[in-house]
Amino acid sequence: MLLATIVLLPFLLTLLPAAFERLRLSPALAAGLVALAAAAPLAVLGPMVVAGETARVAVPWVPALGLELAFRLDGLSLLFVGLILGIGLLVILYAHYYLSDEDRNGRFFAYLLAFMGAMLGVVTADNLLLLVVFWELTSLTSFLLIGFWRGAAEARQGARLALLITGAGGLALLAGVLVIGDIVGSYSLGDVLAAGDLIRADPRYPLALALVLAGAFTKSAQFPFHFWLPHAMAAPTPVSAYLHSATMVKAGIFLLMRLWPALGGTEAWFWSLTVTGLATMLFAAYVALFKHDLKGLLAYSTVSQLGLIMLLLGLGTPYAELAAVFHLMNHAVFKASLFMAAGIIDHETGTRDMRRLSGLSRAMPVTATLATVAAGAMAGVPLLNGFLSKEMFFAETFAVGGAHWGWLLPVAATLGGLFSVAYSARFVHDVFFGGPAADLPRKPHEPPRFMRVPVEILVVICLLVGLAPALTIEPTLRLATGALLQGPLPEFTLHIWHGFNLPLAMSVLALVGGIALYLVRRYLWSLHDEIAPRFSGKRLTEAAVDGLRAACEVLAGALERGGLRLSIVALLLASIAVGYAGFAGTWPEATVTPAGVPVMTWVAAPILMVATLATVGFHRERMTAVIAIGVVGLVVSVAFVKFSAPDLALTQLLVEIITVLLFLLAMYFLPARSPREVGGTRRGVDALLSLAAGGGVAALTYAMLRSPPDTISQFYNAAAKPEGGGYNVVNVILVDFRALDTLGEITVLGIAALGVVAMLDGAKLDGPLTDSEGRPWTTQRQSLFLQVLSRPLLPMALLVSFYLLLRGHNLPGGGFIGGLVTGTAIVVQYLAWGTAWVDQRLPLRYLAVAASGIAIAAVTGLAAIGFGAPFLTSTFGYFTGPVVGKFELASAMVFDLGVYVAVVGVVLAVLATIGRQHVVVEKS
Amino acid sequence: MEALFAAALGLLVAAGVYLTLRPRLFSVLLGLTLLSYAVNLFLLASGGLLAGRLPLTDQPPPWPDPLPQALILTAIVISFGMTAFLIVLSLRAVAETGHDHVEGREEEGGR
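Residues numbered from 1 in each chain as written. Chains lettered and ligands numbered in written order. Predicted model: local features only at pLDDT ≥ 70, side-chain atom pairs only at ≥ 80, totals over all residues.

## A look at the overall build of chain B
Moving on, step 1. Secondary structure assignment for chain B yields 3 helices and 0 strands.
Moving on, step 2. Ordered by position from N to C terminus, the α and β elements of chain B give α-α-α.
Moving on, step 3. Residues classed as buried in chain B amount to 65% of the 111 residues present.
Moving on, step 4. Pairs at least 24 residues apart make up 48% of the contacts formed inside chain B by residues separated by at least 6 positions. (Helix = DSSP H or I, 4+ residues; strand = E, 2+ residues; numbered from the N terminus. Buried ≥ 20, exposed ≤ 12 C-beta atoms within 10 Å, placed from the backbone. Contact = placed C-beta atoms within 7 Å.)

## Quick notes on the overall build of chain A
Moving on, step 1. Looking only at helices and strands, chain A has 39 helices and 4 strands in total.
Moving on, step 2. Expressed as a percentage of its 924 residues, the buried residues of chain A come to 48%.
Moving on, step 3. Taking all contacts inside chain A whose residues are at least 6 apart in sequence as the whole, residues at least 24 apart take part in 79%.

## Section: the packing of helix α15 (residues 267-288) of chain A against helix α20 (residues 408-432) of chain A
Residue and element names in this part refer to chain A.
Moving on, step 1. For the pair α15 and α20, the least separation of the axes is 9 Å and the interaxial angle reads 25°. Here α15 is positioned roughly parallel relative to α20, judged by the angle of their axes. When the axes of α15 and α20 are compared, the crossing they make is left-handed. In contact with Leu278, Met281, Leu282, Ala285, Tyr286 and Ala288 of α15, α20 contributes Ala412, Leu415, Gly416, Phe419, Ser420 and Tyr423. (Axes fitted to C-alpha atoms, helices over the stretch in contact; angles between N-to-C directions. Parallel < 35°, antiparallel > 145°, perpendicular 65-115°, else oblique. Left-handed = near helix turned anticlockwise from the far one by under 90°.)

## What about the interface of chain A and chain B?
Moving on, step 1. Facing the 95 residues of chain A at the interface are 82 residues of chain B.
Moving on, step 2. Here the side of chain A that touches chain B takes 15 residues from helix α31 (residues 680-706) of chain A, the largest share from any one element.
Moving on, step 3. Considering only residue class, the side of chain A that touches chain B consists of 61 nonpolar, 22 polar and 12 charged. (Nonpolar A, V, L, I, M, F, W, Y, C, P; charged D, E, K, R; others polar.)

## Considerations on unusual backbone geometry
Moving on, step 1. Going from Phe223(A) to Pro224(A), the amide bond is cis rather than trans, its omega being 5°.
Moving on, step 2. Counting through the fold element by element, Pro224(A) comes out in the loop between α11 (205-219) and α12 (228-231).
Moving on, step 3. Pro61(B) connects to Pro62(B) through a cis peptide bond whose omega is 5°.
Moving on, step 4. With respect to the helices, strands and loops of the structure, Pro62(B) is situated in the loop between α2 (25-46) and α3 (66-97).
Moving on, step 5. We note that Arg24(A) has phi near 60°; this positive angle belongs to a residue other than glycine.
Moving on, step 6. Position of Arg24(A) among the secondary structure elements: in the loop between α2 (16-22) and α3 (27-39).
Moving on, step 7. Not every positive phi belongs to a glycine, and Gln486(A) is a case in point at roughly 55°.
Moving on, step 8. Here Gln486(A) is to be found in the loop between α23 (474-485) and α24 (502-519).

## Regarding helix α1 (residues 2-20) of chain B
Moving on, step 1. Spanning 19 residues, α1(B) covers 27 Å between terminal C-alpha atoms, matching the ideal 27 Å at 1.5 Å per step.
Moving on, step 2. Across the 19 residues of α1(B), 16 count as buried, placing the element largely inside the fold. (Expected span 1.5 Å × (residues − 1).)

## Examining the pairing of strand β1 (residues 55-62) of chain A
Moving on, step 1. Pairing analysis gives 7 bridges linking β1(A) to strand β2 (residues 67-73) of chain A, with the strands arranged antiparallel. Its bridge partner being in β2(A), Val57(A) is matched across the sheet by Phe71(A). (Pairing = 2+ DSSP bridges.)

## Concerning the pairing of β2(A)
The two faces of the sheet receive side chains in turn, since in a regular strand these alternate between them.
Moving on, step 1. Of all 7 residues in β2(A), 5 are buried, a share of seventy percent or more.
Moving on, step 2. The antiparallel hairpin formed by β1(A) and β2(A) contains 4 residues in its connecting segment, where Gly66(A) sits at a positive phi of about 80°.

## A closer look at the confidence of the model for chain A
Interpreting fine coordinate detail is not advised for predicted regions of low pLDDT.
Moving on, step 1. Summary statistics for chain A give a mean pLDDT of 87 and a share of 95% for residues scoring 70 or more.
Moving on, step 2. Here strand β4 (residues 885-890) of chain A is the element of chain A with the lowest mean pLDDT, 69, and α11(A) is the one with the highest, 95. (pLDDT = per-residue confidence, 0-100.)

## Quick look at the nonpolar core
Moving on, step 1. Core analysis: the largest hydrophobic core is formed by 201 residues, its most contacted members being Ile84(A), Ala374(A) and Cys462(A).
Moving on, step 2. It is helix α17 (residues 318-349) of chain A that contributes the most residues to this core, 20 residues altogether.
Moving on, step 3. Within the second largest apolar cluster, 128 residues are counted, among which are Val632(A), Tyr900(A), Leu35(B) and Leu73(B). (Core = buried A, V, L, I, M, F, W, Y, C linked by C-beta atoms within 7 Å.)

## With respect to the environment of Gly834(A)
Residues and elements named next belong to chain A.
Moving on, step 1. By the secondary structure assignment, glycine 834 is in the loop between α36 (815-833) and α37 (835-841).
Moving on, step 2. Taking the C-beta count within 10 Å as the criterion, glycine 834 has 18 such neighbours and is therefore assigned partly exposed.
Moving on, step 3. C-alpha separation for the pair glycine 834 and valine 919, spaced 85 residues apart in sequence, amounts to 8.8 Å.

## Thoughts on the environment of Ala8(B)
Moving on, step 1. Within the secondary structure, Ala8(B) sits in helix α1.
Moving on, step 2. A residue is classified by how many C-beta atoms lie within 10 Å of it, and Ala8(B), with 25 of them, is buried.
Moving on, step 3. Residues Ala8(B) and Ala38(B), spaced 30 residues apart in sequence, show a C-alpha to C-alpha distance of 8.7 Å.
Moving on, step 4. With near-sequence residues (within four places) excluded, Ala8(B) lies in contact with Ala605(A), Leu608(A) and Met609(A).

Quick look at the structure:
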């Protein structure tokens, strides 16, 4: 469980920064405390992992799908958890100084914590499906972070682009995981990693690999999906420092490292990763050279470095994997510090444009030194961490790449290194050296002391690792790579000096060539400016999205041209066609002997028919139509009584009463008559359609009634008492067997009530001053008769409704019926005494009542989980009380109470909201 | 009995369909209400029509089919929610446009 808290804590305490903000405390402090608390379990688990154990915890979530809340912590996870939490803490400290007070900092740190939790979930998930869940959470939370300054169109577009690309990749990953799960027969990471040979031999392996790679390449911004990352630079710089150094973009790399034992080591793996990685590395390094925006340069350099790591992963030897892990760590450290430095420069000068920045080393010497060291690490300058991993990279392109690529790979690797030296040189030289800048928006100076601390820490790490790799980083590297390989480590030593060899020559070549390239940059820029604008991934994606939207609009326009009527007619024609087609050639054999018609039915059926016809005939005289349809409803209730459905009869009757009240309240504002406005032809067509539909239903009903009913209800009848604890099977189905449906049902009701309240908010309704005959409305406000009656009625009605609620499990009644009775009783008070009088005595917000009802039902269901049973499992028992004797209590009754409260809230929210409109009209 | 029940149901459906095709929200509302009566009765019939019994298992069998009844019970309450929503929709339409035509605009030659 300790392990799970690492992941769950940031989620559970997401809102803590917002709470701190309310209390006028620093939200950054809250975020930092949460990150520290999440790191605390590592004090116990870390030594275990170092000792070679793998910490695991698993709780079933959806066992039927193979989805488990399972977490694992091995060397690889530990490395990533360390990076996520460590750099996360530094970013939080940095962001505290970076963000101004006008920014909603509570919101920012809340997002950051949610993102942190999602990342921690990705790297510790021990179940592939769970990994996908967290993967998508990182896409969603990064969307919020990138679009944090939502006032800026650039930020919104960047966020949307990132969500689109990485979200789509996430779907591909889900598909890939499903294929893998199908091959292995389990989603558990341990099983999958152990089944590498099985997966690689399966014919579906290429499909699974392609889908997983689609997820990893989009997330880690590999060419041609790289373009979301530069546009994500619209995010606040702390976000860039976090997402694009240690976390978000490394998720793709992590995924491939994690799945290396399962998917790696094949030709397909080698070629797809090396080609993609190489193309990404070279292309992005080239583009980075031409970016004038500091963060743009860093963005493309990030893409390029990710390509380098991808290439290493693709080479597939244990040594290459080791180099990949090493470079990943180094990149996280120096890139985070560079982003922070860029943010400091932006913060203190007001611009990130390298054509305007110059000579800042005079104003901010410390920042200049730090940024220079970090950029040196990025360029691969000796004595810094980046140099070591780059040397390993160069060496491996020779050793492995040579077999497949010949001399091409080492040359390309050197070229990539050369570009990275050039853009690193530009970052340092353009900004910190040269003459003083002429037109900066602000006068530059050093940032606040503690804003620089995170950068200092990171740069010191760059130096320590670079100077004494064996003492600092080697144990971590061994641990993480061992977990990655799930096998023995390759022989390796980390030294600053390996003697004069080929990798060193490549490094020197890259350094010298890169500086030369930087010196001729101006000529290259003019060349680039002509070619570049023609190729923009963002523009292509936006064109594709716009095209899709335009196509949808054309389609929707074609379908909706005829308005509502045409849509209904199309639906009707389709259902009539399908319905009649079902009868074609077959008429079910009538096996049930027709029952006789009792006298009462001879009375009721004609009333129903006449009232139905009257509703149609008088539908333009609205008040008359309401009365006629009320009669139909009453006969339907009677039919329910006759055909053995007492619960339905009660419900129908009560709903009928409330609906009529609703109509009456609304009629005041509505036109009293509908105009006759369609010609005879159209009415004739409509009548034909109606008769076709009605005839079909009549035939179907007759056929159904003459065939023997074949139902599954024996199960419910048999199980209601022993399993649900009630004799009223209908109620037991509602609150127990199908409780999830009922929960959905009351939620829909709540949404309808919310819609009613929202739609009447701000509506300007004019009531007529006279009735349809021209007589003014009476000034007598309420009926005295009704007032006198309503007072004793309320307690009795409430008593009856509680009785109905409580007995529902065994006799007709229950939450729906009880709720409707209570609602009606209170509505009668409104009618008798007026809105203001009741509102004053019953100061309830009915929407909140409805919501709490839904909450009661949901919590009852959740409580079952607390007892280790599935959601909404019910239980019951028998108790003996002093007066009442033996009685039964069932948890389903609490659920039914929730239904009751929700129904009361909905009824009153709807009726009282419409009723208040009358008060508004009267006042005006 | 079966024929009478089926005929009444057919009439309810025909009337409901005709009213939903009218151009005023109010008529559409009446039509949908009739249709939901019809659907509920149809569901009830799907379990067989058993007169004069109770769906309580402490009573002697035969029992009526409880499953359609449970479905109908929630359907009744849901259609109340829908009715309320549509009524308020027409109220809002009247507030915004002065009428409750389903297309949001009066047709030519109307009134």
